[in-house]
Structure formats: C-alpha cells, structure tokens
Amino acid sequence: MSLTFDFVQPQPEPATDRVTLFADVILPLPLPKLYTYRVPYELNDQVVVGGRVIVQFGAKKTLSCIVAAVHENPPKEYQAKYILEFIDDAPVVTQPQLKLFRWMADYYLCTLGEVINAALPSALKLSSESRVQLHPAFVRDENPYPLSEQEEKIVEALSTGEEGKSLTFTEVGEILGITSFHKVIKSLMQKDVVFLFEHLQDKYSPKVVKKVRLAHHYVAESAVEGLFAQLASRSKQLDVLMRYLQKVPVYQNEHLNHQGIEKAYLTSAPHLSPSAVNTLIKNGILEQFDVIVSRFPLDDAAEANMHFTLSEAQTTARDDVMQQFQEKDIVLLHGVTGAGKTEIYIDLIRQALDGGGQVLYLLPEIALTAQIVTRLMRVFGSRLGVYHSKFSDNERVEVWNGVLSGRFQVVVGVRSSVFLPFDNLALIIVDEEHESSYKQYDPAPRYNAREVALMMANFQGARTLLGSATPAVETYYQTRTGRYGLVSLTKRFGEAGLPEIELVDTRKSREAKKMHNHFTPELMLEMERKLGAKEQIILFQNRRGYSPFINCLDCGWIPKCQNCAVSLSYHKHAHELRCHYCGYHDRLPVECPACGSRNLKPVGFGTEKIEDDLKIMLPEANVQRMDLDTTRAKNSYQQIIADFEKQVTNVLVGTQMVTKGLDFANVSLVGIINADSIIHYPDFRAHERAFQMFVQVSGRAGRKGKKGKVIIQTGDPQQVIFDKVIRNDYLEFYEYEILQRREHGYPPFMRIIRLTVKHMDQHLAERAAILLTNELVDRLGREAVLGPEAPYIFRIRNFFLQEITIKLSREHTVLKQAKADILAAINAVKDQKDYKQARFVADVDPM
C-alpha cells in the first residue's frame, strides 16, 4: 500500500465528555524512553496494542512504530502530536513479545527501539523517502522563470505519463545522470515548479502467480469443437490450446477449469510460443487472472510419510526428559555425538503439538537447518515453518504471519527466531546449546538466543530442552546445582561406535621434511585409503580465505586494512585482498609498494588454499568448500550439503560450519588441519571452545556403523586437552574447567559485562575510557572494574577501541543496581563536551 500525507495536524476537539486517548509507541530508534502520541478521537476504536501506526517524529521524519500502551495521560514534557495513520487492525506484535522485548532491553543494556528494529522483519517496517511532484499551480507556458536544461529534463519526466506522477530522489539522479542533484531540486522548488512530499511504502508484497483458464463460454464440448475449427489455420495457437486441455480436462470437471493453470506452464514450454498464449488471451479464448499464493506451499501429504521407532536408549532418555519436566522447567540432554538426539526431539515435539501448544526448535547455523528441515518436513508437513536470515524479507513476513495465525505450529530457525510472535509455547528446544553462534555481536541488542529462549519459556510457562554433546560449562554447572534437570545418552545410535582419534606431530614431520604442503604423511595416506574405499572426508580449518596475509620477502612489507588494525587476507578466487572485519578489499599488487620487489608470497593457509592444494594432490577427488565465502547465496548451504549427501562431493573442506551437528552416513575420516590455532587464543573460554570444537568435528566421522577415524594435526601433542578429547571425557574436562573459573572469578560464578569505548581519535578514545573507568570505580568499586586496555584488534572501521571489563555478583538485586550505575557512568562521560563523538557499547555476557 502507498500512503501520502501533508502532515497537517488535526484540530483539537471541542470540550466534551469524549475520552482522549494517548499511545506510547516504540520508535525504531535508539531512544531511552517511549514517545507519546495523541489518538485522533474518531480513531479511538481502532488503536490496538502491538499494532503498527505511522507518526511524525521531529520536523521531517515519518516513521512506522509499534503501539506499546494506550492510556489517558498526556505527556508533561511536550505537547503530543497526533498519530497520522493506523496500519493494522490486529496486533503484529503480541503481548508476550512486548514483555520479552522489555526484558531484553533491560537485561542487555539497550533500548526498546533497538530490540524492535532487530525483531521485526524489515518488510513489516514502512520505508519513508522524499518524492518530487509537479506543483499543482505550475503551468508550463505561464511559468515566469526560465528553466535550465537539467530542470527541463525533470519537468518532462514528471509531465509524461499519468497525472500526479512522482519521482524518487534516486530516479531524479538517474534521469540527470549525476549524483549531486539536490541543487536542481532546490531551484525547481524556489520557482514553484515542484514540491516534495513523503511517500511511505509498505515493503511487504504477497507472492502473485499469473494463471490462465479457458473462457467459460468455450467450456461446452460443442464450443470447443468450434474453437478447433476456428484455430485450424493457426497452428501455434492450436498447440497452446491442446496443451491446456491435456492438463485441464474441462469436460470431466468444470471446477478444474475455473482454477486454471499457471501461465508459465504454457509460456515456458520449449515447443510453444509465448506470443501465441498472449494472442489467445487478447482474443478472449483464454482468461488471465492473478492468484496470491504462499511462498511456502502446503504439503499435508508429507505428514504421514515418515515413521520411526526410538531405540531402547532413546526411549529411556525421552521418558527421563518427560519425568524431569514434571519437576523442572529446563532439562539438559547430554548425549554423545551421533546418539540420536534429533529423533528424541521429534518425539517430544509430537507430544507438545498433541497437547495444542507451539514449539520452537533453535539451531545455531543455517547449514544445520538445511539438513534437519528435510527430516522434520516429512514428519510435520505444513505445520512446520522455517526462519533464518537467508530468507527474503517477504518470506520472513509470511513465517511471522503464519505463527500469528496458527498456521505454523512448529518453527525451526536460528537465533532470530526468538523474536517470532509465539503466544502459546509448550516446548523450546535449543540444539547445540553451547554454540557461540547463538550470540548476537552487532548491532544491539547483543543477546544470546539461548538465554532469551529460557526467559521466553519462563514468561509463557513452556518447557525448555537444551541439547549438546559438549554443554557449555555454565549450563552443566546449573545441572550440578539442581536448577536444571540432566539426562545423559552415553552411546551412539545403532551399531556406531565413537571414532578412533590419532594425534600427529606436525613439528616432527616438518623437521623430517615429510609435510605435503599442510598435510602430514599420516593424513595424506589415510585420505588416499578412504577415497579408494569410496568413503568421504571432512577437513576442518578454522580460517577462511587463501592465506592470512601477503608478505614481501625482500623488505617484509605486509598489506594492512586502511580502516582496521589488521592485515588483509588473500582470496585467490576473487584475486583480491580482503579485511574480514570491515569488508574493505583491494586488488592484489603486482609489486611491493614499499620497495618495488615482485617477490610477494602468501603466508599461512585458509580453507581456500586447502581446497586448491587438494585438487592438485588428489585429482581424482571432487573437493567442495563450505565457509562464509561459498555460502553467501540463499540456497548455497542446501546445495553444498545435498551434493555431499549424494556423494557427488568426496571431500568437504570447511570452517566451524562443518562442526555443528551435520549428519553424513558415508564420512569415515575427519582431519583437523591446525589444532594449535584454536587452543592458543587470549580468552578464558579458549580451552572450552577448543574441546567443544574438536569433539564436535570428530563426531562427524563414523556415524552409521562404520568405524570412523579422526586425525588431529598439532605441534604440541602433549597438551592436556588432547587426552580428554581422545577419551571423550567431558566430565573430567568440566571438573578441571570449573575449578579454574571459580579460582579466577569467571562465569558461572560471576557475571561479566564488557564495555567498549570507540572514537576516531585514538587519544580521545583512551581518555574517554580512563574517565569512564574512574566513574565506574566510584560506583562499583575497584575490584569490580578491570581495564581499560586496547583489545588485540585495536582499530576497526576507523574507530580506535578501548575495553573495560566489569565482574559482578550474580545476585539479581546487585546486577540490577550495577546496570543502572553503568548507564549513569556512561551518561556522565557523554555529557562532557570532548566526548560527544565517542561511542559506548555494552555487551552483557560476552562470548
């Protein structure tokens, strides 16, 4: 829909007994408070909490926003403007959602506007932009002002076509062929030739399919015979008619003709002429009509296609989960990789649906949804919705509306799925609950979907099942304290056993000069054996690109990002250097800009180089890569996974995407190319992440009865963590890690908030961080505040960074007061003139 406003405020109502209503609205802006607008009296009955309205904010902005509350109290600080228009007659945001969004804004130290901005699909937000239209009083022949050539072009474009035609600023620029067109528009406005207005466009558009059917007066058999005679000399049109009648037996069922068929069925046929189809429509033989269809076709038949029986161990685990749910709202299902947790999830989802509730099934990666959705669709059919960032805006809105209407009772999705408008949740499943992918880093809200899911379940009285082979230390700790229930699966499903894990010393192989590029002799030999046996291989390297950087061997020059304090990574396929932090890219230089030498060499290796090397070293293998660079397109995940499942691909090289719950029957070998780069990282969670990653990627091998093998390449095989990985001993790992956390005051014993100060001037960033630290120490005490210090990457996107770490008690009252103190300290620094341009980012529970 398109709406045009002149922004004329309604006149105040005369004094009567009428009730004057006001609405607090959530603007999609980072404002600390809600803004109050007056409801026009004639629209009192239309205002609905959770519905969208259009308001004027400031002098020029027109925004769509969400009604958060309706009351009779005018604001004391300003005169309330009127709401311009109501978009919805029913809520698009439910009351449970509003409650959750308020909690998120409070807990994650952000504004409600930032939460709404992240939550709503962009197609549910109205876009506003200025448009140009001819002034009603403008008469071309009577205009006293001469027009320039550029002005004439604009007037000509506005005069051509329908009356009241308008142009966007973008269209004006295209017509003039310049980017600096604002002076032209300003001049035309001064001459009263054009005026500007705000055009609001609802960006959601339903999917429309063009269909055709035989005109109703030709449906009778005798009429069709006459039609054949009429078209006897027009063979192309006759071919179209014959194809239609083959598809739609109009004599047998007239209703089928009324439904028609998609026009594309006729126009895309190679032996039929599209112009012949259009001629039949023009002559009234075929009728063309539009039908609005779902982007997610219903497939009820799929619901009865898949039945499976739980194993004895799975049945016991399922029963234990249900028993635990009688006493606790949150249960951890701790099962080894390949134990068959997904089948237990499906059984629990069935029970929740039979009870009339909704289910949210969270996964950490889009790659996982691609594989699991196929399995779930066979069980739940049209009741299943899928939600993730690779969907178009329109697809996301259809899922949103499908949850609102009750069409989708089960939703599988990634972290953004916690924003969907559920109002009757019975069960939330958080699979691979330890994954850092559940954490949102930028922009605000910097939430963890696992924690939000727990709170959402709490608000709606639902149960939450957390699943992992390598639970987060914080999660397992909650089972030890008795807050969460615990159910364990210690054996793999069926006859499959845990893989054999072999450590290979890369240092010794290099000293003996036996390395094949980045591969030890042991890994190369094993890959050749597996390929010879027609089995598949997964190789894990936690760095994308061809190499981390380029180096001049003569002078040592290394290309750096112009916006960030990092070297540029070399991407061979695109033949360019890229920054993985800001996206800056540059061509690969032919010679060193510092000394002129052509002796430039890539240093290190990423997934792209491994893929290239394997294609040379194992020419008989079909190698595919799965990382951020190869999965940018909408269906790229599905295609890569489908090729590997069908064994079109023999070797899959990937980043941590390949570690997360993927299930391939024919994989018998997993290689971890460089384990040391994961372990040696300056973070208190480094060993936890390394253990989880090694166990998870190892779990991809030998899942369907075959004995799998894992080869871990490392320069230090004696590290303690490897022994725990080889024995798959999570409990021993947990006991060691929890002692370290307790001793040094890290989660789960303390809560951490990281504050980042950003400024384009390095000295001002440092001074602002010192001042903020002093303010925090005054409020929280010296022992609670660590820093400030520059992070390892101290400049990103031209902003210099300083970090302050705050450690707090987990007591609710302490935390709530501390957050108020943190906001007060930030505002105290912001109020100082020198730091007006500084930015302050709060990250609660950083990962």
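Residues numbered from 1 in each chain as written. Predicted model: local features only at pLDDT ≥ 70, side-chain atom pairs only at ≥ 80, totals over all residues. Heavy atoms only, no water.

A. Molecular detail of the sheet that holds strand 28 (residues 651–654). Read from one edge of the open sheet, six strands run 20-30-29-21-28-27, paired in parallel fashion. Single-partner strands in this sheet number two, and they are strand 20 (500–505) and strand 27 (623–626). On average, each strand axis in the sheet is inclined to that of its neighbour by 20°, with strand direction left out of account. Where helix 22 (residues 686–698) meets the sheet, its contacts fall on strand 20, strand 21 (536–540), strand 29 (667–672) and strand 30 (709–714), and the angle it forms with strand 29 comes to roughly 155°. (Pairing = 2+ DSSP bridges. Helix = DSSP H or I, 4+ residues; strand = E, 2+ residues; numbered from the N terminus. Axes fitted to C-alpha atoms, helices over the stretch in contact; angles between N-to-C directions. Contact = heavy atoms within 4.5 Å.)

B. Up close: the packing of helix 1 (residues 95–107) against helix 2 (residues 112–119). Look at helix 1 against helix 2: their axes get within 8 Å of each other, and the N-to-C directions meet at 120°. One finds that helix 1 runs oblique with respect to helix 2. Once helix 1 is placed against helix 2, the crossing between them reads as right-handed. Counted together, Phe 101, Arg 102, Met 104 and Ala 105 of helix 1 and Leu 112, Val 115, Ile 116 and Ala 119 of helix 2 form the full contact between these two elements. Counted by class, the contact of helix 1 with helix 2 contains seven nonpolar, no polar and one charged residues. (Parallel < 35°, antiparallel > 145°, perpendicular 65-115°, else oblique. Left-handed = near helix turned anticlockwise from the far one by under 90°. Nonpolar A, V, L, I, M, F, W, Y, C, P; charged D, E, K, R; others polar.)

C. Region of the structure containing unusual backbone geometry. Along the chain, Asp 442 connects to Pro 443 via a cis peptide bond; the corresponding omega equals -5°. Secondary-structure assignment places Pro 443 in the loop between strand 17 (425–431) and helix 15 (449–460). Each neighbour pair has its own omega, and for Gly 787 with Pro 788 the value is 10°, a cis peptide bond. Counting through the fold element by element, Pro 788 comes out in strand 32 (residues 785–789).

D. Just the sheet that holds strand 16 (residues 410–413), in detail. The sheet built from seven strands is open, its strands ordered 15-16-14-17-18-13-19 with parallel pairing. Strands at the two margins of the open sheet, each flanked by one partner only, are strand 15 (384–387) and strand 19 (485–489). Taking each pair of neighbouring strands and ignoring which way they run, the sheet shows an average axis angle of 15°. Here strand 13 (residues 330–335) pairs with strand 18 (residues 463–468) via five bridges, running parallel. Looking at the pairing, Ile 330 lines up with Thr 464 of strand 18.

E. Quick peek at the nonpolar core. In this structure, Met 104, Val 418, Leu 755, Leu 772 and Leu 776 are the most contacted members of the largest nonpolar core, which totals 149 residues. Residue contacts for Val 418: discarding those within four places in its chain leaves Leu 100, Leu 360, Leu 362, Tyr 447, Ala 449, Val 452, Ala 453 and Met 456. Counting residues in each nonpolar core, the second largest holds 23 residues, with Leu 231, Leu 241, Val 248 and Ala 269 among its members. (Core = buried A, V, L, I, M, F, W, Y, C linked by side-chain atoms within 4.5 Å. Buried < 20%, exposed > 50% of the residue type's maximum accessible area, 1.4 Å probe, protein only.)

F. Main features of helix 24 (residues 730–744). The terminal C-alpha atoms of helix 24, which comprises 15 residues, lie 21 Å apart, in line with the 21 Å expected from a rise of 1.5 Å per residue. Within helix 24 the residues assigned to the buried category are Tyr 730, Phe 733, Tyr 734, Glu 737, Ile 738 and Arg 741. Buried positions in helix 24, seen along its axis, are confined to an arc of 125° and lie on one side of it. Of the exposed residues in helix 24, the ones pointing more than 90 degrees away from its buried face are Leu 739, Arg 742 and Glu 743. Residues of helix 24 that are buried make contact with strand 13, helix 16 (473–481), helix 22 and helix 23 (720–726). (Expected span 1.5 Å × (residues − 1). Arc of directions from axis to C-beta.)

G. Quick look at the packing of helix 1 against helix 15. Relative orientation of the contacting elements helix 1 and helix 15 amounts to 135°, with a least axis distance of 10 Å. By the criterion of interaxial angle, the relationship of helix 1 to helix 15 is oblique. Helix 15 is crossed by helix 1, and the crossing has right-handed handedness. In this structure, helix 1 contributes Pro 96, Lys 99, Leu 100, Trp 103 and Met 104 to the contact, and helix 15 contributes Glu 451, Val 452, Met 455, Met 456, Phe 459 and Gln 460. Class assignment for the residues of the contact of helix 1 with helix 15 results in eight nonpolar, one polar and two charged.

H. Summary view of the packing of aromatic side chains. Under the counting rule described, the total for this entry stands at 19 aromatic pairs. Seen from their ring centres, Tyr 35 and Tyr 78 are 4.6 Å apart, and the 10° between their planes marks the pair as stacked. On the criterion of sequence distance, the pair formed by Tyr 35 in strand 3 (residues 35–38) and Tyr 78 in the loop between strand 5 (61–71) and strand 6 (85–86) is long-range, its members being 43 residues apart. Residue Tyr 35 is classed as partly exposed on the basis of its relative accessible area of 27%. Look at Tyr 107 and Tyr 108: their rings are 4.8 Å apart centre to centre, the planes differ by 85°, and that puts the pair in the edge-to-face class. For the pair Tyr 107 and Tyr 108, a shared accessibility class is recorded, and that class is buried. Positioned above the aromatic ring of Tyr 265, the side-chain terminus of Arg 243 is 4.1 Å from the ring centre. The side chain of Lys 247 reaches across the aromatic face of Tyr 265, ending 5.1 Å from its centre. (Phe/Tyr/Trp six-rings, centres within 6.5 Å; stacked < 30°, edge-to-face > 60°. Lys NZ or Arg CZ within 6 Å of the ring centre and 35° of its normal.)

I. Region of interest: the environment of Ser 392. By the element assignment, Ser 392 lies in the loop between strand 15 and helix 14 (393–405). Counting along the chain gives 351 residues from Ser 392 to Tyr 41, while the straight-line C-alpha distance between them is 38 Å.

J. Representation of the pairing of strand 14 (residues 358–362). Burial of strand 14 is extensive: five of the five residues sit out of reach of the surface. Along strand 14, one buried face is formed by Gln 358, Leu 360 and Leu 362 and the opposite face, lined by Val 359 and Tyr 361, is buried too. As judged from the five bridges shared by strand 14 and strand 17, these two strands associate in the parallel manner. Bridge pairing in strand 17 places Leu 362 opposite Val 430. Relative to strand 16, strand 14 runs parallel, the two being bridged by four bridges. Bridge assignment links Leu 362 to a residue of strand 16, and that residue is Gly 413.

K. The pattern of salt bridges, seen in detail. Enumeration over the complete set of coordinates arrives at 35 salt bridges. Taking the shortest distance from any N to any O, the salt bridge between Lys 572 and Asp 612 comes out at 3.3 Å. A residue pair is termed long-range when its members are at least 10 positions apart, and Lys 572 in the loop between strand 23 (569–571) and strand 24 (576–578) and Asp 612 in helix 19 (residues 607–617) qualify at 40 residues. Take Lys 572: its relative accessible area is 38%, and that puts it in the partly exposed class. According to the relative accessible area criterion, Asp 612 is partly exposed, its value standing at 23%. We note a salt bridge from Asp 627 to Arg 625, for which the minimum N-O separation is 3.1 Å. Take Asp 627 and Arg 625: they sit in the same class, and that class is buried. Several salt bridges converge on common partners, so that one network encompasses Glu 502, Glu 526, Arg 529, Lys 530, Glu 535 and Lys 709. (Salt bridge = Lys/Arg side-chain N within 4 Å of Asp/Glu carboxyl O.)

L. Inspection of the pairing of strand 31 (residues 751–759) at higher detail. Most of strand 31 sits out of view: seven of its nine residues are buried. Alignment of strand 31 against strand 34 (residues 799–808), held across nine bridges, turns out to be antiparallel. Across the sheet, Arg 754 pairs through a bridge with Thr 805, a residue of strand 34. Sheet topology note: the strand 31/strand 35 (residues 839–844) ladder contains six bridges and is antiparallel. Each residue of the ladder has a partner; that of Leu 755, found in strand 35, is Ala 842.

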